[in-house]
Amino acid sequence: MVFASNDRGNRSRSLLLESAVIVLMMVCSSLHAQQLALKTYTRANGLASDYVLCIYQDRDGYMWFGTDRGASRYDGRTFTTYTTDDGLPSNFIHCIFQEKSGAMWFGTYDGGIARFNGRKFRSFTTRDGLPSNEVSDIFQDRFDRIYFRTAKSLCYVRPDSSIARLDPAIGGGYGPLPDGSLLVTKGEKFLRMIPSRTDSFQFVEHRLLSQQHGLLRGDEYPWARANVVYAQGQYWIASGGRLLGVKIDSSGDASVRAASLGAAATSCESDAAGNIWVSTDGNGIAKFDGNRPRWITERNGLARMRVRQVFRDYEGSLWFATMGGGAQKLLSESVVSYRTSDGLLQNEVTTVFEDSRKRVWVGTGRGISLIENNRIRNDFPFQKLMDEVRAFAEDKNGNLYIGTFAGVYGPIAPELTQRAESISFRGIGYGTSSIAFLDASGKGEMWVSSYGGGTHRITNDKDSLLTTKDGLVSNMFESMTTFDNSVWFLTRSKGANRFRDGRWEAFSTQQGLPSSMINAVFEEKTGDAVWFGTSKGAVRISNGRIDLFDETKGLRGNNVVGIFPCPDAQECLMIVTEKSLHKFSDGMITPYGPVVLLPFAEMKVNRLHYSQATSSLWLATTGGVVKVDLSHARSPLSAPRVVITRVAIDSLMLVPAMHLSLSPTFTHEQNNPSFQFAGLSFADEDEVSYRFKLSGVHNAGVDNASVDNAWSELTSDPRVQYRNLGAGHYAFSVIAVNADGVVSAKPAEFVFRILPPFWRTWWFGGAMLVLVAGTFGGVIRYVSTRKLRKKVEELERERAIQQERERISRDLHDHVGAQLVNIISGLDLVGKYSPPTEKRSERLLKSLQQDARSSMMQLRETIWAIRGQSMPLAKFVEQVENYSRRQMEFQDDAEFFFESHCDGDVELSPVQVLNCFRIVQEALTNCAKHAKATNIRVEVHSTPDSGRRLPTGRVIDDSLRLKILVRDDGVGLQNRTNGELHGNGVLNMTKRAEEIGGTFSMSQVNGRGTEVRVEIPTP
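Here we summarise the structure given alongside this text. (Residues numbered from 1 in each chain as written. Predicted model: local features only at pLDDT ≥ 70, side-chain atom pairs only at ≥ 80, totals over all residues. Heavy atoms only, no water.)

What follows concerns unusual backbone geometry. In this structure, Pro411 follows Gly410 across a cis peptide bond, with omega equal to 5°. Tracing the chain through its elements places Pro411 in strand S35 (residues 407–412). In this structure, Asn373 is a non-glycine residue whose phi angle is positive, near 55°. Of note, Asn373 is situated in the loop between strand S31 (367–372) and strand S32 (375–377). Classification of Asn373 as exposed rests on a relative accessible area of 65%. You will see that Asp501, though not glycine, has its phi angle at about 55°, which is positive. Looking at where Asp501 falls in the secondary structure, it is placed in the loop between strand S43 (496–500) and strand S44 (503–507). (Helix = DSSP H or I, 4+ residues; strand = E, 2+ residues; numbered from the N terminus. Buried < 20%, exposed > 50% of the residue type's maximum accessible area, 1.4 Å probe, protein only.)

This structure, assessed with the given rule, holds 34 salt bridges. Salt-bridge contacts for Asp281 lead to Arg306; the nearest nitrogen and oxygen are separated by 2.7 Å. In this pair, Asp281 sits in the loop between strand S23 (276–280) and strand S24 (285–288) while Arg306 sits in the loop between strand S25 (293–296) and strand S26 (307–312), placing the two residues 25 residues apart along the sequence. The exposure class assigned to Asp281 is partly exposed, which follows from its relative accessible area of 22%. (Salt bridge = Lys/Arg side-chain N within 4 Å of Asp/Glu carboxyl O.)

Let's shift gears to the sheet that holds strand S20 (residues 242–248). Pairing within the open sheet is antiparallel, and its four strands lie in the order S18-S19-S20-S21. Each edge of the sheet is formed by a strand with only one pairing partner; in this case those strands are strand S18 (228–231) and strand S21 (254–260). The average angle at which neighbouring strand axes cross in this sheet is 25°, direction not considered. Judged from the five bridges that link them, strand S19 (residues 234–239) and S20 form a sheet pairing that is antiparallel. (Pairing = 2+ DSSP bridges. Axes fitted to C-alpha atoms, helices over the stretch in contact; angles between N-to-C directions.)

A few words on the layout of surface pockets. Where empty space is left becomes clear once a probe the size of a water molecule has been rolled over the atoms. Within this model, the second largest pocket holds a volume of roughly 1,000 Å³. Taken together, 44 residues make up the lining of the second largest pocket; nearest its centre are Lys287, Arg294, Glu333, Ser334 and His632. Every element with two or more residues in the lining of the second largest pocket is listed here: S25, strand S28 (327–338), S31, strand S54 (616–621) and strand S55 (624–629). No other element matches S28, which puts seven residues into the lining of the second largest pocket. In terms of residue class, the lining of the second largest pocket is built from 18 nonpolar, 13 polar and 13 charged. (1 Å grid on protein atoms, 1.4 Å probe; cavity = no way out; pocket = protein on both sides within 12 Å on 5 of 7 lines; lining within 4 Å. Points joined across faces, edges and corners; volume = space filled by probe spheres on them. Nonpolar A, V, L, I, M, F, W, Y, C, P; charged D, E, K, R; others polar.)

A contiguous nonpolar surface patch, about 590 Å² in accessible area, is contributed by Phe758, Trp759, Trp762 and Trp763. Relative to the helices and strands, Trp763 resides in helix H2 (residues 762–833). (Patch = residues over 30% accessible without salt bridge, like charges linked within 9 Å, V, L, I, M, F, W, Y side chains within 5 Å. Areas by Shrake-Rupley, 256 points an atom, 1.4 Å probe, with all protein chains shown as cover.)

Adjacent strands of a sheet pair through backbone hydrogen bonds, lying either parallel or antiparallel. Strand order across the open sheet formed by four strands is S22-S23-S24-S25, with antiparallel pairing between neighbours. Each edge of the sheet is formed by a strand with only one pairing partner; in this case those strands are strand S22 (265–270) and S25. Averaged over all pairs of adjacent strands, the angle between strand axes in this sheet comes to 20°, irrespective of strand direction. Strand direction decides the pairing type here: S24 and S25, joined by four bridges, are antiparallel. Bridge pairing links Ala286 to Trp295 in S25.

Judged by how many residues are buried, S54 sits mostly within the fold: six of six residues are covered. As judged from the six bridges shared by strand S53 (residues 605–611) and S54, these two strands associate in the antiparallel manner. Bridge assignment links Ser611 to a residue of S54, and that residue is Ser616. Hairpin connection from S53 to S54: four residues lie between these consecutive antiparallel strands, with Ser615 at a positive phi of about 55°. With six bridges connecting them, S54 and S55 associate as antiparallel partners. Looking at the pairing, Trp618 lines up with Lys627 of S55.

Here the focus is the state of the cysteines. All told, the structure shown has one disulfide when counted by the stated rule. Of the cysteine sulfurs around Cys54, a residue in no disulfide, the closest is that of Cys95, at 6.3 Å. Given a relative accessible area of 2%, Cys54 falls into the buried group. (Disulfide = S-S within 2.5 Å.)

As a further point, take the packing of helix H5 (residues 910–931) against helix H6 (residues 984–995). Taken N-terminus to C-terminus, the directions of H5 and H6 make an angle of 155°; their axes are 9 Å apart at the nearest point. The orientation of H5 with respect to H6, classified from their angle, is roughly antiparallel. Relative to H6, H5 is oriented so that their crossing is left-handed. Contacts from Val911, Asn915, Arg918, Ile919, Glu922, Ala923 and Asn926 in H5 reach Gly985, Met989, Arg992, Ala993 and Glu995 in H6. When its residues are assigned to classes, the contact of H5 with H6 shows five nonpolar, three polar and four charged. (Parallel < 35°, antiparallel > 145°, perpendicular 65-115°, else oblique. Left-handed = near helix turned anticlockwise from the far one by under 90°. Contact = heavy atoms within 4.5 Å.)

The next point concerns the environment of Ala710. The topology assignment puts Ala710 in the loop between strand S60 (689–697) and strand S61 (719–721). Given the relative accessible area of 42%, Ala710 is considered partly exposed. The spacing of Ala710 and Lys693 is 17 residues in sequence and 6.2 Å in space, taken between C-alpha atoms. Not counting the four nearest positions on each side in its chain, Ala710 is found in contact with Phe692 and Lys693.

We now examine H6. Taking 1.5 Å per residue, twelve residues should reach 16 Å; H6 reaches 16 Å between its end C-alpha atoms and fits that length. Every buried residue of H6 is listed here: Gly985, Val986, Met989 and Ala993. Within H6, the buried residues cover an arc of 100° as seen down the axis, which keeps them to one side. Exposed residues pointing more than 90 degrees away from the buried face of H6 are listed as Asn984, Lys991, Glu994 and Glu995. (Expected span 1.5 Å × (residues − 1). Arc of directions from axis to C-beta.)

What follows covers the nonpolar core. Ranked by size, the top nonpolar core spans 43 residues in total, and within it Trp64, Phe65, Trp105, Phe106 and Phe148 carry the most contacts. Other than its neighbours up to four places away in sequence, Phe148 contacts Trp105, Ile113, Leu130, Val135, Asp137, Ile138, Ser153, Leu154, Cys155, Tyr156, Val157 and Ile163. Formed by 39 residues, the second largest nonpolar core is a distinct cluster that contains Val877, Val966, Val1014 and Ile1016. (Core = buried A, V, L, I, M, F, W, Y, C linked by side-chain atoms within 4.5 Å.)

Moving on, we get to the environment of Leu573. Take Leu573: it is sitting in strand S50 (residues 573–577). Residue Leu573 is classed as buried on the basis of its relative accessible area of 7%. Sequence separation between Leu573 and Ser585 is twelve residues; the distance between their C-alpha atoms is 6.9 Å. If we skip the residues at most four places from it in the chain, Leu573 touches Phe522, Trp531, Ile563, Phe564, Pro565, Cys566, His582, Lys583 and Phe584.

Right under this line is the structure:
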């Protein structure tokens, strides 16, 4: 629309006329029966509530939704909700805003406002100077003042957090505008309020026509978010029940035109093309493109007619906040669908076809529907014939042919007035699957394929049936495609047939195709190249060369359902999968705008039809008919934003990652980090993928397989974990790739450090070096000192032992020796002066003298043993034999035997000599006193021995073992109690044997007599 001349009267009449026209167009215009491609987010998806009051996108790219049950943040996969439990003053969120510092503001219905710095909330209410606790809008001027629109007036917060109120007479407050100013009203005046650096404002008045003074009333609906956008050279304001277009000319005069919306306007927004979208509280959404407004209502897929806000994100997608229907996102205006709710006979659509008159024919199991001028028609005179419609075709005269499960009806004149009984019918066995005309022969050939009966070739009413016997790969065909001089027959399991120049050709896996399920085929005009759309990708065969294009080459989905030329007449092809559109050019496959082909998840493609005349792609699906207007496909998306949402180090969860320091430090035990991230691209968030890497910073020399400076392969999983990282500095980076293949301009990065274990730190190494050196020196000093001390102690002990030996020997010599000398002397005197009178007495006296001298000799030997160093084994055996024979000399009733076998040059220590000798003495004494034996034997042997284990557990490794045995054939062991020997003699002999490291045993031999056995090592 254009404004009239500067003449105020002419301009007044022109504006009033234009306003009336706008009202009429907005009331009468609608999108008719088109279902827009909308994606809905509700509580089932994680949203806090289905009553959404506002939508906002922060600078990181997160989407925020204000509801009556809190604020929800959406990262493309999950929702995070904040409520009064987290610090909000109220769960009823009217508006959301992010200031330049990054802090989030929340305006509530009854709790004032709250500022969230990412960790905690701070509230402002009427107690803090807020005019009202009902806040409907928040914005910031170029001097960083934060403004609040309350139910009573505008206000702002000062740097010291105090609240400053504006003049209560000021209403409106539309903005801020691109220059940072605000449009306000004050009484009958329309003003631009320009903030200054101080707490003062400059007001510039814009004169209005007298008839327009009442149009700008920002206080008419104070609870509503009154938004303003600049498009088409003017300001568009949603206020009250009107959409206002405000244009300010060079002289400063303002012209206002208003269009009544029939309900309260809640917000307005512009799209990338400059169109104005207005949400209303009851009438849905109006789109104003400058020519005619169009209404979007529940008939077009809108969840609820009460819409609180239209919001445009950084990718250009439009979001709708509905009251009760959740949040909705407009996927694409170029994609619309038609369903039974719009008048279609059935949602299960088998085929679709656009004729030369741009009428779209829809075949279903219940008949046919016609879409013309966005309206659906089902009333045809021949509708009753149409059951199980499977195919449409048009001849060169514009006549229509309809294929059903029974056969083919036609021709039907373009006027569609023929009655059912006047339409020709041709029965087709197994049912019609497709109809096509081939005019290259000039004969107007019609081909009809069936679901099991082969193919009919009809020329001048001559019907020829062709089957596998004629070279067809199958008798069951799903569809046909014709080109200049060829007809293609496509199957779901046997490949495809081509009929050209009277010859049949077969194409399947045997010819190199990845699959025998063929959905589409296309012949290039230049050369002999043929494209096949299969269930495993698109294949191009040219001169024997086969090129496969699948998901690894850029396709989104491998099931290719259509291939046709690009609508812009460029040298390229469109490749269609069930997920998306693609463009093939210069050997590369790229996405063709973020177009979601199937708006509803339950849809599956049955048949595809492309009309080059209208650049329209029609899809017959299980959920209705979908139309894609390729002439209005959206431009590629901007680079997606990516954030790291969570970081976990073992059991330590750090949430969210943005609250961490720039470079946190962890211990060596916290070396298993895991990361979660999100690509904040919402045009088609299900198709966002990622690349990531973990780089080692200053980690030279660290062998760590988890660290790789190369980017990972593309993945749709927004999580990764690393294990057993070594010490060092690390940087984790991640980028997002959106549905168009566009990569993030800047990766999200998390830098951290893992400390080495204390035993690998420099200070610990130094300390350990000092400690080792000190310990080594200390050990050397200790060992040396200990050896010296031990040697001194041994010398002292030997000196003390020697002194004790000398003392004992002196005592024995001085006392016992002296007494024995006196006894010997006395016995000699007795024999000299009183000779015995009897021979026996003489013998006894001589025996006593001999014993005394023997005792003296033994005493001398004992003294020598105590004072001496060692005794040869032969000398010891001689002493034992001499003693034993003297001891047994007067045992008249017993016969004595002595035997010895000793080899080797062995020295016995004094202690061994003394203890062994005493054991022999004790054993012979027992034999003489108690045994009553007739034979007494003493044996001394030395035998080789490799070692033995002592009762104490110590192992002795010796070369000879000394065995001493004293045997008798007397009365045996009489001194037993409970099988155990006792008595001082036995105990003494046992202790003496153990003292010298030997063993002692006393046992009975052959039922009588006694054997005393002593064994000692002789190293």
